[in-house]
Amino acid sequence: MAELAIKGGNKVRTKDFFAWPDYDQRELKYVEEVIKSRTWFAGMRGADPGTKTEEFEKKFAQYHDAGYGIACANGSVAIEIALRAAGVGAGDEVIVPALTFIATLGAVLQVNAIPILVDTIYDTQCIDPDEIEKAITSKTKAIIPVHYGGFVCDMDRIIEIAQRHDLIVVADAAHAHGAVYKGKKLGSISDAATFSFQESKTMTAGEGGIIITNDNELAEKCIQYRSCGRHEGESWYIHYVLPINYRLAEIQSAVLLAQFERFDEQLKRKNENAHYLAERFKDTDGINPVPGDGNTDVNGYYLYLLQYDKAKFAGVSRDKFVEALNAEGIACHIGYPWPLSKNPMFQQVEEGPRGCPFTCPYYGRQISIKDQKFPVTEKICSETVVIPHQVLLSPRSDLDDIAAAITKIKKNASELL
Ligand SMILES: Cc1ncc(COP(=O)(O)O)c(C=O)c1O
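What counts, and at which threshold
- Sequence order as written defines the numbering, with residues in each chain counted from 1.
- With the structure being a predicted model, the display of local features is reserved for residues of pLDDT at least 70 and the display and counting of side-chain atom pairs for 80 or more, all residues being used for whole-chain, interface and lining totals.
- To qualify as a helix, a DSSP run of H or I must reach at least 4 residues; to qualify as a strand, a run of E must reach at least 2; elements of each kind are numbered from the N terminus.
- For the radius of gyration, the atom set is restricted to C-alpha positions; the globular benchmark scales as 2.2 Å times the number of residues to the power 0.38.
- Each residue is classified by how many other C-beta atoms fall within 10 Å of its C-beta atom, where C-beta atoms are placed from the backbone; a count of 20 or more means buried, 12 or fewer means exposed, and values in between mean partly exposed.
- In this description, a residue-residue contact is defined by the distance between C-beta atoms placed from the backbone, which must lie within 7 Å.
- A residue's pLDDT is the predictor's confidence in that residue, given on a scale from 0 to 100.
- For this analysis, nonpolar core means a set of buried Ala, Val, Leu, Ile, Met, Phe, Trp, Tyr and Cys residues linked through C-beta atoms within 7 Å.
- Segmentation of the chain into domains, including their bounds, is taken from an automatic or database domain assignment.
- The rule is simple: place the C-beta atom from the backbone, and if it lies within 6 Å of a molecule or strand, the residue is near it.
- We call Asp, Glu, Lys and Arg charged. Ala, Val, Leu, Ile, Met, Phe, Trp, Tyr, Cys and Pro are nonpolar, and the rest, Gly among them, are polar.
- Two strands are counted as paired when DSSP detects at least two bridges linking them.
- An axis is simply a line fitted to the C-alpha atoms; with a helix, the fit covers only the stretch in contact. Between two such axes, the angle follows the N-to-C directions and lies from 0 to 180 degrees.
- Picture the helix axis, draw a direction to every C-beta atom, and the arc is the one those directions span.

Can you walk me through the overall build of the protein chain in this structure?
When its secondary structure is counted, the protein chain shows 12 helices and 13 strands. Here the protein chain has a C-alpha radius of gyration of 22 Å; the compact-globule value for 417 residues is 22 Å, and the two agree. Based on the C-alpha atoms only, the size of the protein chain along its principal axes is roughly 75 × 55 × 40 Å. For the protein chain, the residues scored as buried account for 48% of the 417 residues in total. Here the contacts in the protein chain between residues at least 6 apart in sequence split such that 72% fall between residues at least 24 apart.

Here it is as structure tokens:
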């Protein structure tokens, strides 16, 4: 008789982990308030009474030690708006990590700039400052560090490099709401930081995004790019810059205000439970939490990241291991399957996508993303096991099931060969 659930044995767990998205009466109450107010859109800033969007922007920015928050439609356009507002455009190069969601790179393409991919660090899964240095050219305009999974990148070095080369730093913090780096919150470290409120994120309205910054000129430009190129407080029909509507709706801001009220407690609980889980994994050779570099005081914990060593599991592949864990009732997945360069959008065309920005006359160079190699990112993508953040909100007994399932798979690994 097989022991492992994937081979017909009993599952370790039959219950679900903590349900996400989380909500209570507050989401319902604040949404009802918006509905009844008949102010459903947030375009009239400065009106009396203020909008839910303004209230949320202030609270979120303050929480991250930033002076300004500019809410927008999603985390992808948050990066795009910040880049545009910072003056990044045709012919500029922007350095991004090879390990991230496609949106980081997509935002660069949207402003007609050239994404330059660089490798990451194994123990943080964040962009490698040494690789940033190597990638800088006379065309480099900006760096987008991605605070991967919730770890904060090596920002001291990144900011030092940026200052030396006069570059803008827009941190993609879609995974790192609330993270703290060497005592500093994310609003006080880079020129701007952007966040996503898409459903899987640690604070959500289904969709949504925000840019935070301490730079009032940058904030003012973000406001224009967010809302049809208008100047705040001026006529509705005068447009100064690229006029697209990237606004968030009031109903989304109502949900986010409710989410924000429980966020801090949830973040604390996740950090405590992550430490608890790490202790549980100490006895299981071959599966270790990604250690970080010791500089992330509070991890944003969008993802709980594990390094899997198949040699310690009788040679069972990472993918098979994840399938077996899923079968035991443990929520986990493999994360990003490859460095961004391996995506079909780069692989199927000779020299990347046709037309601008890759063949932009302002650029005057040709790069071939498809042939670029990122050995550390490749290794990370082949060895990582990702546990989604809401699992860390579950009771300790549920977390014990994760350790128990891993121990069970290790003991019976031969069934998987
Ligand atoms: C690292 C990263 N950046 C940006 C985004 C884009 O956010 P959104 O889905 O809200 O556009 C995501 C979304 O998953 C992400 O993971």
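Read on for the rest.
What's the story with the confidence of the model for the protein chain in this structure? I'm lost.
For residues with low pLDDT, the predicted coordinates do not support detailed interpretation. For the protein chain, the mean per-residue pLDDT works out to 94, and 96% of the residues sit at or above 70. When pLDDT is averaged over each helix and strand of the protein chain, the minimum, 79, is found for helix 10 (residues 344-347) and the maximum, 99, for strand 8 (residues 192-196). Within the model, the stretch residues 349-353 combines pLDDT values under 50 with 10 contacts to residues more than four positions away or in other chains.

Help me understand the nonpolar core in this model?
When a protein is soluble and globular, its nonpolar side chains tend to lie buried together. Ranked by size, the top nonpolar core spans 125 residues in total, and within it C72, I81, A82, L83, A142, V170 and I211 carry the most contacts. Viewed by domain, this core spans two of them, domain 1 (5-20 + 262-336 + 378-416) and domain 2 (25-260), each represented by three or more residues. The contact partners of A142, leaving out residues within four places of it in the chain, are L83, A86, V88, V94, L167, I168 and V170.

I'm lost on the site of the ligand in this one. Help?
Every one of the 14 residues lining the ligand counts as a neighbour, but G75, S76, F101, A174 and S196 are closest to it. The residue inventory of the shell around the ligand, partitioned by class, reads 4 nonpolar, 9 polar and 1 charged.

Got a minute to help me understand the sheet that holds strand 7 (residues 184-185) in this structure?
Strand pairs in the sheet, formed through backbone hydrogen bonds, run parallel or antiparallel to each other. The 3 strands lie next to each other as 7-6-11, forming an open sheet whose pairing is antiparallel. The open sheet is flanked by strand 7 and strand 11 (296-298), the only strands paired with a single partner. Across 2 bridges, the pairing between strand 6 (residues 180-181) and strand 7 is antiparallel. Along strand 7, the bridge assignment pairs V180 with K185.

Explain the sheet that holds strand 10 (residues 287-289) here, please?
As summarised here, the arrangement of the 3 strands in space is 10-12-13, forming an open sheet in which the pairing is antiparallel. Whereas interior strands pair on both sides, the edge strands pair on one side only; in this sheet they are strand 10 and strand 13 (384-388). Across this sheet, the average inter-strand angle for adjacent strands is 30 degrees, counted without regard to direction. Here 3 bridges tie strand 10 to strand 12 (residues 303-308), and the two strands are oriented antiparallel to one another. Within the sheet, the bridge partner assigned to I287 lies in strand 12 and is Y308.

Just checking my understanding: could you explain helix 9 (residues 318-327) for this structure?
Helical periodicity: at 3.6 residues per turn, an α-helix aligns residues three or four positions apart in one direction. Looking at helix 9, one finds that the buried residues are F321, A324 and L325. The buried residues of helix 9 all sit within an arc of 100 degrees when viewed along its axis, so they share a single face. Check the buried side of helix 9 and you find it contacts strand 12 and helix 12 (396-411). At the C-terminal side of helix 9, G329 shows a positive phi close to 95 degrees.

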